[in-house]
Amino acid sequence: LVEQPETHLHPKLQAEIGSVMAESILNTPRSVKNWIVETHSETILLRILKLIRDGQFKSDLLRVYYIDQNENGISQINQMQVSSEGELLSQWPDGFFSTDIDEIF
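This report concerns the structure included in the present document. (Residues numbered from 1 in each chain as written. Predicted model: local features only at pLDDT ≥ 70, side-chain atom pairs only at ≥ 80, totals over all residues. Heavy atoms only, no water.)

## Some details on the overall build of the protein chain
Here is the rule: For helices the rule is a DSSP run of H or I covering at least 4 residues; for strands it is a run of E covering at least 2, with both sets numbered from the N terminus onward. Relative accessibility decides the category of a residue: with a 1.4 Å probe and only protein chains considered, values under 20% of the type maximum give buried, values over 50% give exposed, and everything between is partly exposed. The contact criterion used is simple: two residues touch if any of their non-hydrogen atoms lie within 4.5 Å. Residue exposure ignores everything except the shown protein chains as possible cover, and the areas themselves are Shrake-Rupley values with a 1.4 Å probe.
From N to C terminus, the protein chain includes three helices and four strands. Listed by position from the N terminus, the elements making up the protein chain come as β-α-β-α-β-β-α. When each of the 105 residues of the protein chain is scored for burial, the buried share is 30%. In the protein chain, the share of contacts with a sequence separation of at least 24, taken over all contacts with a separation of at least 6, comes to 55%. Summing over all exposed atoms, the protein chain offers an accessible surface of approximately 7,700 Å²; the carbon and sulfur share of this is 51%.

The structure is reproduced here in C-alpha cells:
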C-alpha cells in the first residue's frame, strides 16, 4: 500500500515508478504481489497504460478506481474500464487529464 509515491518527484521519475511497479508484478507469482497505490499522478497511470499498449503488461493486471461524490453528496468508488490495448474506456470525472489543456488555452 503506497500513498502518493509521486510526491516531490519530477514527472520522468513518476513514470519510472509506474515501470518499477509493473516489473515487480511481472517478476513475482501473481498471487504473491499486489500494489494498492493512491495517487494524483497522471504520469504513473499513463506509463502503465503505455506498457499495456506495448505488450509489456496485461490490462487485466490493472484496476483503476476513483472516488467521487454522487448527486446526494455521498462518496462512491467508481472503477475505470481499461481496454486490452491500454486505453481508458471510461469517462474521467471533471478535473482529471484536462488541467494541462485548460492551462495551455
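## Notes on helix 1 (residues 11–26)
Convention followed: Expected span, for any helix, means 1.5 Å times one less than how many residues it has.
For helix 1, built from 16 residues, the straight-helix expectation of 22 Å at 1.5 Å per residue is met to within 8% by its first-to-last C-alpha distance of 23 Å. Contacts made by the buried residues of helix 1 are with strand 2 (37–38) and helix 2 (42–53).

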